[in-house]
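Chain by chain, the residues run as shown.
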Amino acid sequence: MVVRLTLVVLLLTVMIGSGIVTAASLLRRSTVTANYTAQKILRDGYQYEQHHVTTSDGYILTMFRIPGSPTTPHHAGKHVAFLQHGLLGSSADFVISGPGRALGYMLVDAGYDVWLGNARGNIYSRRHISLNPDAAKTKFWDFSWHEIGHFDLPAMIDYVLQHTGQQSLQYAGHSQGTTSFFVMAATRPDYNKKIRSMHALAPVAFMSNLHSPFVRALSPLVDELEWLFGILGVHEFLPSTEMMVLGGKRLCHDRSELQELCANALFLIGGFNSAQLNRTMLPELLKTVPAGASVRQLIHYAQEFNSGHFRQYDHGSKGNKKRYGAKHPPDYPLQLVSAPVALHYSDNDWMAGVKDVHKLHAKLPNSIGQYRVPDPRWNHLDFVWGIDANKLVYNRPVQSVPDFCQNMVLSSGSGWAILALVSALSLTQAFSIRDVIAFREGHGPQPTDISKLTAEIIVNDGYLVEEHQVTTADGYILTMFRIPGGPGNPPRAGKHVAFVQHGLLCSSADWVVSGPGKALAYMLVDAGYDVWLGNARGNTNSRRHIFHDPDARNTDFWDFSWHEIGYFDLPAMIDYALQYTGQTSLQYAGHSQGTTSFFIMTSLRPEYNQRIRSMHALAPVAFMSNLRSPFVRAFAPFVDSIDWIMRMLGVNEFLPSSEMMTLGGQMLCRDEARFQEVCANVLFLIGGFNSPQLNRTMLPAILANTPAGASVNQLVHYAQGYNSGRFRQFDFGLTLNLIRYGSIRPPDYPLERITAPVALHYGDNDWLAAVSDVRELHGRLRNSIGLFRVSDPNWNHLDFTWGIDADTLLYRRVISFMDRYN
């Protein structure tokens, strides 16, 4: 339950950052999108009209009509083409690519009278005759795509036909625009006769075989999410906001080093197809997507994935009996869909799985056929934005249908990079939940080849290992692993001691997972050191306390940040290692948070400086003003709200190690898995892109041990550092700061008290330890050995522990320095 609730709150965190909970001025609703479609059509030289229709249940919808262009002027009697967007999309999707490329324009050029629909709840259709979408308690958002199909499409189609004097029209929809069509044609079969032909781009009805990590991660948590959103009064999902527009403009333009991050955000949602994404168009796309939707639209899709059925909204057993007279919702009667339907699909569509499209085809009594896009990498979003969509989809004829309305697609929506990042982070944890449940219930095979924890890794690699426990002054029981010798270096008294400390969400396993000759711990042992691997409080190996239970509902176990790790944990572990070995000082190497905690220890407890021969800071993190990590940058502005929400929900543990993560890593990230590149991109999105340095074969082993768990306060403390631009103690708020520190703001750490020799090892492409921030730290240290750049210009934050060439580019230099200071 802790894992599941953590995912729920993590998703909620991102939703706050992306615009679901609009609590800050940056999140005010975008005025750009509200006018975008009309402005775009006029700029591109086409004729334009705006129309409004009211549904039978009171929603006021906006449609845009393109009756003609300079080359194809408007005249009476034109055939009508109606285009309907997907989830979180809008009418803008069909014109954004511009003349000659966008489906809306191509249809006008081919002689059609083109109408662009907008479903209830998106930026163009946020009105109702009596309900206010922005009210705190409103029923405006009590709908899913069922109501869009049952009310919106009929209302818009009737209006269009009446206005044009036509009896029927061509229909093209993308993603949810296909789902809602099947709802309409199945529940209101009289509308089938008003459809000349329907062209389903990336059709979504059955969903058992979709590959989208976001939906697969969300689906097992759908009941908790619906409950949580209801409690918080959150009913709108990803509305268009100025933050999204500005984020696209500032982060995704051609000169931005984060442009590839924006591209990967889209790929993680719809499938990877780098060649078909016009990156120059990314800022324009993020002006219009996401355009807003109800939470129920997303939940309804998650229900479909869970059930394997194409059926109405599940209101729970009691709600279903009251509404439908049965325990389960009824399936949509697809046998009533008599309109001619062409299904346009692709091999690499992560939202509309090929098997699900085949199943839908078999259920339709009048399917024109299934039409595969010839590009094997064509993904879900390429149907609307693909560079070659005009050639591969829109211009492709279907011989059996006269007056063909060509083809069309829309985005199933995405937020921006942060939502995709959290989807990816959730992927390996939630993707395999079904498989684990099936195995435990005796319905599936037992997953094999799960990587071992630290001690087992060391033993399997032929090195000696000892396990030691030490209790901190505030009662945490920590585990350390000692490697006193190896195949070529047996244990002996008097060896120099090397102590190695992991980073945030990591563990001692990081220093051995790369194997002999590659991992820092083994290289130190081979160089003659007595190696000790620390584990901070709260991670997989140190989840014990003399009286606090980490799994209890209301526990004080998690009331710590990395301040306590530096103030209590490191001194306890260092004292134990020195006392046990009879040494008076040791060599220290730390990565990321393992450097942060060291600077706390030696500045607040300066007597420990004399116990350090030399300290080697790998990707040092203290000052953080210039970091580029999209996750921290999105999280930081809302840190106070998120901290409050976490506490209200009783969630204090952040991304604990779980069986799901281990199994997910094995199933999804192994060499044979089609999702391996997703796993790689998850890591790149966190620490920076450096594809050649990631050993993808090692991904299952990495995800068997990472994330290893941490407290929410550790992440909050880093976000506070980014906001303040200072390296200082935890900010408890004005009142508690006065009580705890005697001032309204927390005190800075006195770095001038650090006298231990410190070497700062950094990388140019480190998104968490920026070069300028490392240089500021260097300027504050009295006894800095120096700044040492890793020669690879793409070296990122995680390469310091897992990089393929870390042994030659980094570790040999570290060991050489250690030897000098013995």
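About the thresholds
- Residues numbered from 1 in each chain as written.
- Predicted model: local features only at pLDDT ≥ 70, side-chain atom pairs only at ≥ 80, totals over all residues.
- Heavy atoms only, no water.
- Core = buried A, V, L, I, M, F, W, Y, C linked by side-chain atoms within 4.5 Å.
- Buried < 20%, exposed > 50% of the residue type's maximum accessible area, 1.4 Å probe, protein only.
- Helix = DSSP H or I, 4+ residues; strand = E, 2+ residues; numbered from the N terminus.
- Domains from an automatic or database assignment.
- Pairing = 2+ DSSP bridges.
- Right-handed = clockwise from strand over helix to strand, strands pointing away.
- Expected span 1.5 Å × (residues − 1).
- Bend = angle between axes of the 7 residues up to and from the residue.
- Polar contact = N/O pair within 3.5 Å; in protein donor to acceptor, adjacent residues only side chain to side chain.
- Disulfide = S-S within 2.5 Å.
- Salt bridge = Lys/Arg side-chain N within 4 Å of Asp/Glu carboxyl O.

This part is about the nonpolar core. Within the largest apolar cluster, 134 residues are counted, with the highest numbers of intra-cluster contacts made by Phe-181 and Phe-182. No other element matches the 8 residues that helix 4 (residues 145–164) contributes to this core. Two domains each put at least three residues into this core: domain 1 (1–399) and domain 2 (476–821). If you look at the next biggest cluster of nonpolar residues, it comprises 91 residues, including Phe-481, Ile-483, Leu-570 and Tyr-762.

Our next topic: the pairing of strand 18 (residues 612–618). Here strand 18 lies mainly inside the structure; 6 of its 7 residues are buried. Two elements, strand 17 (residues 586–591) and strand 18, share 6 bridges in a ladder whose sense is parallel. Bridge pairing links Gln-587 to Ser-614 in strand 18. Remark: the strand 17/helix 21 (residues 593–604)/strand 18 crossover connection has right-handed handedness.

Moving on: helix 4. Structural remark: α-helix, 3.6 residues per turn; residues separated by three or four positions point the same way. For helix 4, built from 20 residues, the straight-helix expectation of 28 Å at 1.5 Å per residue is met to within 8% by its first-to-last C-alpha distance of 27 Å. Maximum bend of helix 4: about 30°, positioned at Asp-152, with proline Pro-154 one to four residues after it. Extensive coverage of helix 4 is indicated by the burial of 14 of its 20 residues. Sitting at the head of helix 4, Ser-144 places a side-chain oxygen 3.1 Å from the backbone nitrogen of His-146. Positioned one or two residues after helix 4, Gly-165 has a phi angle of 75°, which is positive.

To continue, consider the state of the cysteines. Disulfide: a covalent bond formed between the sulfur atoms of two cysteine residues. The full count for this structure, using the stated rule, is 2 disulfides. Cys-252 shares a disulfide with Cys-262; S-S distance 2.0 Å. In this structure the cystine formed by Cys-252 and Cys-262 twists about its S-S bond by roughly -80°; its chirality is therefore left-handed. Of this pair, Cys-252 sits in the loop between helix 8 (242–251) and helix 9 (259–270) while Cys-262 sits in helix 9; the two residues are 10 residues apart in sequence, bridging distant segments of the chain.

Turning our attention to the pattern of salt bridges. Applying the stated criterion across every chain, the model contains 23 salt bridges. Taking the shortest distance from any N to any O, the salt bridge between Asp-569 and Arg-537 comes out at 2.7 Å. Here Arg-537 lies in the loop between strand 15 (530–533) and strand 16 (544–545) and Asp-569 lies in helix 20 (residues 562–581), a separation of 32 residues in the sequence. According to the relative accessible area criterion, Asp-569 is buried, its value standing at 0%. For Arg-537, a relative accessible area of 2% corresponds to the buried category. Each of Arg-43, Glu-284 and Lys-287 takes part in a single network of salt bridges with overlapping partners.

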